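# Tertiary structure, described
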Amino acid sequence: MSEDKQYKIVYCTPALYMAGGVERVLTLKANYFADHFGYDITIILTEGEDKPLFYPLSDKVKVVNLNIGFEELWTCSFIKKIFVYLKKQYLFKKLLKQELMRIRPDITVSLLRREINFITSINDGSKKIGELHINRAHYRNFEGKDANALKNLFSKFWMNSLLSKLRRLDRLVVLTEKDRETWVELNNVVVIPNPLSISPVEKSDLSKKRVIAVGRYCHEKGYDHLLQAWTIVQDKCPEWQLAIYADGDRTIYERMMGELHIDSDRCLLNGRTSDVISEFLNSSFAVCSSRFEGFGMVIAEAMACGLPVVSFDCPWGPRAIISDGEDGLLVENGNIDKLAEALIMIIQHPELRKAMADKAIENVQRFKMDQIAEKWKTLFEAL
């Protein structure tokens, strides 16, 4: 294929009405590829036909909604769920095949949801790429406190089945080098990070005595660990404030604040913000307390606004973004005392904070959309 070919690309993902990271990244890439490269982009959905898209899409990007309604499974009993799933999956395969045969794309990209079960068997002539936004250990993870022999057996069967499907992809794209290393059974894995989703024209002046965390109120984001660490920080640094901006139910964290005697004037549990750039600019550094991260877009966004970031060294995103001791600090995953120490160090050493902030802005430029888009363009051309 010549370098200036206007590729026809189809993306398969469940929905675009939610404010998730996967949805944001897909929208960014689709817009860029259509507007800057002139690619013919179509996104095929299965859910949310009657719901508006959360992130704005270029007029040049086409959307096809098959309206399968897999979300009905959320309300089904276990037995009914099996029959409903099989029926919907059969319909999905039939309709997706029809669309791909109609569109005849050069490349079909699966976000590794239900279509991965059959996408490589559709002979529409397109190259097939899988795009994984979470690390292997947490991709449809069947382990946990309720694990049993039957569940473990099913987990192994499922993974073996998945591997056989991933092998048939022309490429599997993961977000970090550490992710790539975990797929030891595959030889078709390449690394392309997520792009920066913001381009701030200002940077924080680091004058506000405020630490910021952004995400979702859920177990994965580790706000329970962050609040425990903050009990140490608030005693040592009484003038500083922690501000969390997140989606979801914050009830358990509000209760936890009371149990830990955290000052509610200096630890604010906010809802989602519609202007994250302003909140970053109104802070002096950021913290990531996640138990695991697919990539950690919030880390890159904070750095783009001129903030150093203190983060748990969790699998696998933070280490792929933060250069420890240069533009932020990585601490042992789950170590609450170490997290508190790192927060206190950044607070008590403004000269270190300034030096790290300057490096953060410089180092995060490698994730700008144009650079990440070139990596995708190179991959498309190689296929």
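Presented here is a report on the structure given in the accompanying data block. (Residues numbered from 1 in each chain as written. Predicted model: local features only at pLDDT ≥ 70, side-chain atom pairs only at ≥ 80, totals over all residues. Heavy atoms only, no water.)

### Section: the overall build of the protein chain
The number of helices and strands found in the protein chain is 12 helices and 13 strands. For 383 residues, the compact-globule estimate of 2.2 N^0.38 gives 21 Å, and the protein chain sits close to it at 22 Å. Expressed along its principal axes, the backbone C-alpha trace of the protein chain runs to roughly 65 × 50 × 40 Å. The contacts in the protein chain between residues at least 6 apart in sequence include a share of 66% that link residues at least 24 apart. For the protein chain, the exposed area adds up to about 17900 Å²; of that, 51% sits on carbon and sulfur atoms. Both charge centroids of the protein chain, one from 52 positive and one from 52 negative side chains, sit 7 Å from each other. (Helix = DSSP H or I, 4+ residues; strand = E, 2+ residues; numbered from the N terminus. Rg over C-alpha atoms; globule rule 2.2 N^0.38 Å. Contact = heavy atoms within 4.5 Å. Areas by Shrake-Rupley, 256 points an atom, 1.4 Å probe, with all protein chains shown as cover. Lys, Arg positive; Asp, Glu negative; His and termini not counted. Charge placed at Lys NZ, Arg CZ, Asp CG, Glu CD.)

### Some details on the layout of surface pockets
Looking at the second largest pocket, its volume works out to about 210 Å³. Taken together, 13 residues line the second largest pocket, and the ones lying closest to its centre are Leu196, Ile198, Ser199, Pro200 and Lys368. Within the lining of the second largest pocket, the residues separate by chemical class into 8 nonpolar, 3 polar and 2 charged. (1 Å grid on protein atoms, 1.4 Å probe; cavity = no way out; pocket = protein on both sides within 12 Å on 5 of 7 lines; lining within 4 Å. Points joined across faces, edges and corners; volume = space filled by probe spheres on them. Nonpolar A, V, L, I, M, F, W, Y, C, P; charged D, E, K, R; others polar.)

### Some thoughts on the nonpolar core
Ranked by size, the top nonpolar core spans 59 residues in total, and within it Tyr11, Phe33, Ile41, Ile43 and Phe380 carry the most contacts. Ala213, Leu226, Leu343 and Met356 belong to the second largest nonpolar core, which has 35 residues in total. (Core = buried A, V, L, I, M, F, W, Y, C linked by side-chain atoms within 4.5 Å. Buried < 20%, exposed > 50% of the residue type's maximum accessible area, 1.4 Å probe, protein only.)

### A word on empty space enclosed by the protein
Counting across every chain of the model gives 1 cavity of 30 Å³ or more. In this structure, the largest cavity encloses a volume near 50 Å³. Looking at the largest cavity, the residues that line it are Lys29, Glu131, Leu132, His133, Val173, Leu175, Ile192, Pro193, Asn194, Pro195, Ile372 and Trp376. For the lining of the largest cavity, the per-class residue count stands at 8 nonpolar, 2 polar and 2 charged.

### Quick notes on the side chain of Asn31
Assignment of secondary structure puts Asn31 in helix α1 (residues 21-36). Not counting residues up to four positions away in its chain, the partners in contact with Asn31 are His36, Pro56, Leu57, Ser58 and Val61.

### Considerations on the pattern of salt bridges
What the rule picks out here adds up to 21 salt bridges. Residue Asp124 pairs with Lys128 through a salt bridge whose shortest N-O separation is 2.7 Å. Of the two residues, Asp124 and Lys128, neither departs from the other in class, the shared state being buried. Its salt-bridge partner being Lys359, residue Glu362 comes within 3.6 Å of it at the nearest N-O pair. Here Glu362 and its partner Lys359 are both found in helix α11 (residues 350-363), 3 residues apart, which amounts to about one turn of the helix. Judged by its relative accessible area of 31%, Lys359 falls in the partly exposed class. In the salt-bridge network here, residues are joined through shared partners; they are Arg216, Glu220, Lys221 and Glu293. (Salt bridge = Lys/Arg side-chain N within 4 Å of Asp/Glu carboxyl O.)

It is worth stressing that arrangement in space is one thing and function is another; only the former is reported here.
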